[in-house]
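# Reading the structure
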Amino acid sequence: MSFERVQEKLNILADAAKYDVSCSSSGSNRTNKNKGLGDASASGICHTYTEDGRCVSLLKILLTNHCIFDCAYCVTRKSNDIKRAAFKVQEVVDLTINFYRRNYIEGLFLSSGIFKSADYTMERLVAVAKKLRLEENFNGYIHLKSIPGASDELMREAGLYADRLSVNIEIPTEKGLKLLAPDKNRADFIKPMEKVKNEIILYKNEKKLIKSTPKYAPAGQSTQMIVGASGESDMQIMYTSNYFYKNFNLKRVYYSGYVPISYDTRLPQIGTPVPMLRENRLYQTDWLLRFYGFNIEEILNEQNQSLDLDIDPKLGWALRNLHEFPVDINKADKRMLARIPGLGMKSVFKILNARRYRQLNWDHLKSIGVALNRAQYFIVCASNQFERRDLTSEKIKGLILQNSKSKYTAMLSNQLNLFG
Ligand code: SF4
């Protein structure tokens, strides 16, 4: 095989892979104990993102962009008139090792269209990971896409060589899936997720008894949902996400704004902007659920089915619940501190620590890194610079937006200016 042909395949299959954002490599602690190549626990291996938020630290490719399915939202669908290519297993192995040695990448993210059958494809994905680990002694990070419908045996093997496995839900509701990918159904995704979840538990339990038990998918499993392809509300998307986090122990759900790629009337038309800001608000909501102790019903419910694009979801919640404020920074518990707009969890822990020694005032809070332009309306502390408590939610929102330096607010006001 000529170098030019491999280069051409690389161009095609790296380009096709860019629509999949589920490639964060956090959570692995695979170390280099056998003097092999790479070290997934090394610094710098986890996250490098392009400006639009796509992860680039891994060699991110498809094994093939041939596919027997015809999912309307996917550039790889069989009816799409595009250049097709397929790597051989050894080609992916060689590319990974060569790129790694040149310091271009620190791991591999390998997905694939489905050629011939789920098992046929999964077998090849597993073969790449197996060769890298066993023949090349590669200890770098490997993320494999699990192919819905692949056999349990292949799924079991995949987790023994990969750090992370993922099955993409793609469309947040069954109804949307039926509309855009009628050949698929939710059960196709659930079965491999269930399998991976059970294997992770099983191997962890065995390891407690037998130390030599290998690790199974040590960085866990993740999934991706496409946002804005099939008309789902933010509430539907986040309830689906919440369900999968709770039932399948997912490490991450990724939200990918739909990039219009076809003239299919079931989808947003080409030229429709990618909903980047909405994607960002969904990620913020995701963080509130996972790290800030919020329940999904507090953020999204029948009365509030969409996230406010102007402001972050925590501020949105606070404005709807002004009766919970002001919170005394020097007395409140961790749960309530985490709910104050403008306070990240790092600031919360710093406050809890610092107030053991002194009563905190505005200057202390500023040096801790609290965003006072938002927090000031919701707190009291050992100074009284801001004392007005008669402001309505609308007034507070207006004042915050007026003084906000957020790039999203800037984007929003530019858009509004265009129509002004
Ligand atoms: S099965 Fe996967 S690769 Fe094939 S068309 Fe559907 S989403 Fe695309």
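Residues numbered from 1 in each chain as written. Predicted model: local features only at pLDDT ≥ 70, side-chain atom pairs only at ≥ 80, totals over all residues. Heavy atoms only, no water.

## Some details on the pairing of strand E5 (residues 221–227)
Quick note on the threshold: Per-residue accessibility, obtained with a 1.4 Å probe over protein chains only, is compared with the maximum for each type, and a residue is labelled buried under 20%, exposed over 50%, and partly exposed between these values. Runs of H or I in DSSP of at least four residues are treated as helices and runs of E of at least two as strands, each being numbered from the N terminus. In short, DSSP must find at least two bridges between two strands for them to pair.
Most of E5 sits out of view: 7 of its 7 residues are buried. Side chains Gln 221, Thr 223, Met 225 and Val 227 of E5 all project onto a buried face; the interleaved residues Ser 222, Gln 224 and Ile 226 project onto the opposite face, where all are buried too. Pairing of E5 with strand E6 (residues 252–257), which is carried by 6 bridges, proceeds in the parallel orientation. Residue pairing in the sheet places Ile 226 in a bridge with Ser 256 of E6.

## With respect to helix H10 (residues 313–320)
In plain terms, the rule: The criterion used for residue contact is that any of the two residues' heavy atoms lie within 4.5 Å. Think of a polar contact as two N or O atoms within 3.5 Å of one another; within protein, one of them needs to be a possible hydrogen donor and the other a possible acceptor, and neighboring residues in sequence only count if both atoms come from side chains.
Counting buried positions along H10 yields 7 of 8 residues, so the element is predominantly enclosed. Where H10 is concerned, the buried positions are Pro 313, Lys 314, Leu 315, Gly 316, Trp 317, Ala 318 and Leu 319. Those residues of H10 that are buried lie in contact with helix H8 (276–291), helix H9 (296–299), helix H11 (334–337), helix H14 (372–375) and helix H15 (393–402). For H10, the N-terminal capping position is held by Asp 312, with its side-chain oxygen 3.0 Å away from the main-chain nitrogen of Lys 314.

## Some remarks on the nonpolar core
Put simply, the rule is: In plain words, nonpolar cores are sets of buried Ala, Val, Leu, Ile, Met, Phe, Trp, Tyr and Cys residues tied together by side-chain atoms within 4.5 Å. For the purposes of this description, domain bounds are those given by an automatic or database domain assignment.
Residues Tyr 73, Tyr 255, Ile 329, Ile 340, Ile 351, Leu 365 and Phe 378 are the most contacted members of the largest nonpolar core, which totals 71 residues. The element best represented in this core is helix H7 (residues 234–248), accounting for 6 residues. When residues of this core are assigned to domains, at least three map to each of domain 1 (3–274) and domain 2 (313–419). The next biggest cluster of nonpolar side chains, apart from the first, holds 48 residues, and it includes Leu 59, Val 93, Ile 147 and Leu 165.

## Brief notes about the environment of Val 380
Checked against the element boundaries, Val 380 lands in strand E8 (residues 379–380). Here the alpha-carbon distance between Val 380 and Phe 325, two residues 55 residues apart in the chain, equals 9.1 Å. Ignoring sequence-local partners within four residues, the contact set of Val 380 consists of Pro 326, Val 327, Asp 328, Ile 329 and Arg 389.

## Side note on the side chain of Arg 278
Topologically, Arg 278 is positioned in helix H8. Looking at Arg 278, the relative accessible area reads 18%, which means it is buried. Looking at Arg 278, its side chain comes within polar contact range of the main-chain oxygen of Glu 232, at 2.8 Å. For Arg 278, the side chain forms a polar contact with the side chain of Asp 234, separated by 2.6 Å. If near-sequence neighbours (up to four positions away) are discounted, Arg 278 is found in contact with Val 227, Gly 228, Glu 232, Ser 233, Asp 234, Ile 237 and Leu 309.

## Notes on the sheet that holds E5
For the record, the criterion: Axis angles are defined between N-to-C directions and span 0 to 180 degrees, where every axis is a line fitted to C-alpha atoms and, for a helix, only to the segment in contact.
Pairing is parallel across the open sheet formed by 6 strands, whose spatial order is E1-E2-E3-E4-E5-E6. Two strands lie at the open edges of the sheet, namely strand E1 (59–62) and E6, each paired on one side alone. Ignoring which end each strand starts from, the neighbouring axes of this sheet average 20° apart. Where H8 meets the sheet, its contacts fall on E5 and E6, and the angle it forms with E6 comes to roughly 165°.

## Describing H7
For an α-helix, the turn length of 3.6 residues means that residues three or four places apart are oriented alike. How we decide: Here, expected helix span is obtained from the residue count minus one, scaled by 1.5 Å.
Under the 1.5 Å per step criterion, the end-to-end length of H7 is 21 Å for 15 residues, consistent within 8% with the ideal 21 Å. Among all positions of H7, only Asp 234, Met 235, Ile 237, Met 238, Thr 240, Ser 241, Asn 242, Phe 244, Tyr 245 and Phe 248 are buried. Looking one or two places after H7, you find Asn 249, whose phi comes out positive at around 50°.

## Description of the confidence of the model for the chain
What counts here: For every residue, the predictor states its confidence as a pLDDT score lying anywhere from 0 to 100.
For the chain, per-residue confidence averages 88 on the pLDDT scale, and 86% of positions sit at 70 or higher. Here residues 39–54 scores under 50 on pLDDT; set against residues more than four positions off or in separate chains, the count is 48 contacts.

## Examining the pattern of salt bridges
Rule in force here: What counts as a salt bridge is simple: a side-chain nitrogen of Lys or Arg found within 4 Å of a carboxyl oxygen of Asp or Glu.
Considering all chains together, one arrives at 20 salt bridges under this definition. In this structure, the salt-bridge partner of Arg 5 is Glu 8, at a minimum N-O distance of 2.9 Å. Highlighted residues: Arg 5 and Glu 8, both in helix H1 (residues 3–17), separated by 3 residues, approximately one helical turn. By relative accessible area, which is 26% here, Arg 5 ends up partly exposed. Of the charged contacts in the structure, one is a salt bridge between Asp 308 and Lys 397, with a shortest N-O distance of 2.7 Å. One end of the pair, Asp 308, is in the loop between H9 and H10; the other, Lys 397, is in helix H15, and 89 residues separate them in sequence. Here Lys 397 falls in the partly exposed class, since its relative accessible area comes to 23%. By sharing partners, the salt bridges in this structure join Arg 5, Glu 8 and Lys 83 into a single network.

## A short note on the packing of helix H2 (residues 89–101) against helix H3 (residues 118–135)
In a packed pair of helices, the relevant descriptors are the angle between the two axes and the axis-to-axis distance. Our working definition: For classification, angles of less than 35 degrees are called roughly parallel, those exceeding 145 degrees roughly antiparallel, those between 65 and 115 degrees roughly perpendicular, and all remaining angles oblique. The sense of a crossing depends on the near helix, which, turned anticlockwise from the far helix by less than a right angle, makes the crossing left-handed and, turned clockwise, makes it right-handed. Residues were grouped as follows: Ala, Val, Leu, Ile, Met, Phe, Trp, Tyr, Cys and Pro as nonpolar; Asp, Glu, Lys and Arg as charged; and all remaining residues, including Gly, as polar.
For the pair H2 and H3, interaxial distance at closest approach is 9 Å and the crossing angle is 45°. Between H2 and H3, the angle is such that the two are oblique. Crossing hand, H2 versus H3: right-handed. Residues Val 89, Gln 90, Val 92, Val 93, Thr 96 and Ile 97 of H2 form the contact with H3, whose own contacting residues are Arg 124, Ala 127, Val 128, Lys 131 and Leu 132. Residues belonging to the contact of H2 with H3 are distributed by class as follows: 7 nonpolar, 2 polar and 2 charged.

## Let's talk about unusual backbone geometry
Between Phe 325 and the following residue, Pro 326, the backbone shows a cis peptide bond with an omega angle of 5°. Along the polypeptide, Pro 326 turns up in the loop between H10 and strand E7 (327–328). Backbone geometry places Asn 137, a non-glycine residue, at a positive phi of 55°. Looking at the element boundaries, Asn 137 is found in the loop between H3 and strand E3 (141–145).

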